[in-house]
Amino acid sequence: MSIFIKIPSPLRGFTNGLKTVEAEGATVSEILQDLDHRYPALRERLYDQKTRRPLINIYLNNEDIRTLNKAEGRYEIDLNTSVKDGDQLSIIPPIAGGIRRR
Amino acid sequence: MPSTQKNCWTIENQAWNRILGHTVAGYPKEVCGILLCPCEKPQHIARAHPTKNTTFEDPARRYLIDPLEFLEVDNWAEQNEFDICGFYHSHPDHPCAPSEHDRELAWEGYLYLIVSVKGGVFDEGRAWTYDPDKNQFTEVIFQGKVEIDNTTA
């Protein structure tokens, strides 16, 4: 099934300038694998190269798909989330920062 | 100097004054927001959208933009032929140079505008882009005169 993926502006250089791309799969994990296959240059920007964890937020039709990983005490993307034909995934960069700790 | 030069940007007075008003009103906490450029003018900041600071840490020293708010602004931008081109945040009682924490979380392709507010008064505003190959920020130049509205700044 075909899913639409919104690409933030800094990553469009890796998707031939496209704001939205299509990928195939039944879960978020499969969609990301297909996206990786179609646009391999995206890989370094989407994943931590050491841990292979996603560096991004992903929303499915405006819904947060993070779940609590109790073992590690943090939220992470539920890659097993099912998707259906015509759904939209949005890749959202983490926007944070601030001055140094006291 | 053409405004399309890599490190030359422009900003509309209305957007700049909205940023100033937000950063001063938010003192002594850090505040943050999203910068929007018309699709056909990717280095011209036409609008500034103040966002909530949703950090779980000390809000006087950290900021975090809720991904859902990012998405809502991005959806609006797409419908109105704008693009999210960067972000602003304040450094209360601190110089407006990017911190190490800012560097760790920066993305190539966005503009990071920082406003220093000292004692509740606007001190300085500067902006940078991030180069991941050099792991450093490059300061950008704002072309043209920006009229500061002193009733908000």
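Numbering of residues begins from 1 in every chain and follows the order in which that chain's sequence is written. Each chain takes a letter, starting from A, and each ligand takes a number, starting from 1, following the order in which they are written. Reporting in this predicted model follows two pLDDT cut-offs: at least 70 for local features of residues, and 80 or more for side-chain atom pairs to be given and counted; totals over whole chains, interfaces and linings ignore these cut-offs and use all residues. To obtain the side-chain values, all non-hydrogen atoms of the structure were included, while hydrogens and water were left out.

Novice: For the layout of surface pockets, give the residues involved together with the corresponding values.
Specialist: Two kinds of site are reported from a 1 Å grid over the protein atoms alone, namely cavities, where a 1.4 Å probe fits but cannot get out, and pockets, open sets with protein on both sides within 12 Å along at least five of seven lines, and residues are called lining when an atom falls within 4 Å of a point. Grid points are joined across faces, edges and corners, and a volume is the space filled by probe spheres set on the points. In this structure, the largest pocket occupies an estimated 1,500 Å³ of space. The wall of the largest pocket is formed by 46 residues, among which A:Pro54, A:Leu55, A:Ile56, A:Pro94 and B:Leu105 lie closest to the centre. Only DSSP runs of H or I reaching four residues or more are called helices, and only runs of E reaching two or more are called strands; each is numbered from the N terminus. Taken together, the elements giving at least two residues each to the lining of the largest pocket come down to helix H2 (43-46), strand S6 (74-77) and strand S8 (96-97) of chain A together with strand S5 (63-64) and helix H3 (100-104) of chain B. Ten residues, namely Ala, Val, Leu, Ile, Met, Phe, Trp, Tyr, Cys and Pro, are considered nonpolar, four, namely Asp, Glu, Lys and Arg, are considered charged, and the remaining ones, Gly among them, are considered polar. The class makeup of the residues in the lining of the largest pocket is 22 nonpolar, 7 polar and 17 charged. Volume-wise, the second largest pocket comes out at about 560 Å³. Lining the second largest pocket we find 24 residues, and of these B:Trp9, B:Gln43, B:Gly109, B:Tyr110 and B:Thr129 sit closest to its centre. For the lining of the second largest pocket, the secondary structure elements donating two or more residues are strand S2 (32-38), strand S6 (82-92), strand S8 (121-131) and strand S9 (136-139) of chain B. Among the residues making up the lining of the second largest pocket, the classes are represented as 11 nonpolar, 7 polar and 6 charged.

Novice: Talk me through the packing of aromatic side chains; I want residue IDs and the actual numbers.
Specialist: Aromatic rings considered in pairs are described by the distance between their centres and by the relative angle of their planes. Note on aromatic pairs: the rings of Phe, Tyr and Trp (six-membered ring only in Trp) are paired at centre separations within 6.5 Å, and the planes decide the class, stacked below 30 degrees, edge-to-face beyond 60, tilted for the rest. Scanning all chains against the criterion turns up 7 aromatic pairs over all chains. Taken together, the ring pairs connect B:Phe70, B:Phe87, B:Tyr110, B:Tyr112, B:Tyr130 and B:Phe137 into an aromatic cluster. The ring of B:Trp107 is capped by A:Arg45, whose NZ or CZ atom sits 5.0 Å from the centre of that ring. We call a charge positioned above a ring when the Lys NZ or Arg CZ atom is no farther than 6 Å from the ring centre and deviates by at most 35 degrees from the ring normal.

Novice: Lay out the state of the cysteines with the relevant residues and their values.
Specialist: Residue and element names in this part refer to chain B. The criterion for a disulfide is a pair of cysteine sulfur atoms lying within 2.5 Å. As enumerated under the stated definition, the model contains 1 disulfide over all chains in all. Between Cys37 and Cys85 runs a disulfide, and the two sulfur atoms are separated by 2.4 Å. Taking the sign of the S-S torsion, 70° for the link of Cys37 and Cys85, the bridge is right-handed. Of the two residues, Cys37 sits in strand S2 while Cys85 sits in strand S6, which places them 48 residues apart along the sequence. A disulfide-free cysteine, Cys8 has its sulfur positioned 13 Å from the sulfur of Cys37, the nearest such atom. Relative accessible area serves as the criterion here: at 1%, Cys8 is assigned to the buried category. Working definition: with a 1.4 Å probe on protein chains only, accessible area under 20% of the residue-type maximum means buried, over 50% means exposed, and in between means partly exposed.

Novice: I'd like to hear about the sheet that holds strand S3 (residues 44-45) of chain B, residue by residue, with values.
Specialist: Residue and element names in this part refer to chain B. The criterion for strand pairing is that DSSP finds at least two bridges linking the strands in question. Taken in spatial order, the 3 strands of this open sheet run S3-S1-S10, and their pairing is parallel. Every other strand in the sheet has two partners, leaving S3 and strand S10 (141-142) as the edge strands with one partner each. As paired elements, strand S1 (residues 8-11) and S10 share 2 bridges and run parallel to each other. Looking at the pairing, Cys8 lines up with Ile141 of S10.

Novice: Please set out the environment of A:His37 residue by residue, giving values where relevant.
Specialist: Counting through the fold element by element, A:His37 comes out in helix H1 (residues 28-38). For the pair A:His37 and A:Ser90, spaced 53 residues apart in sequence, the C-alpha to C-alpha distance is 18 Å.

Geometric values such as these leave the question of function open.
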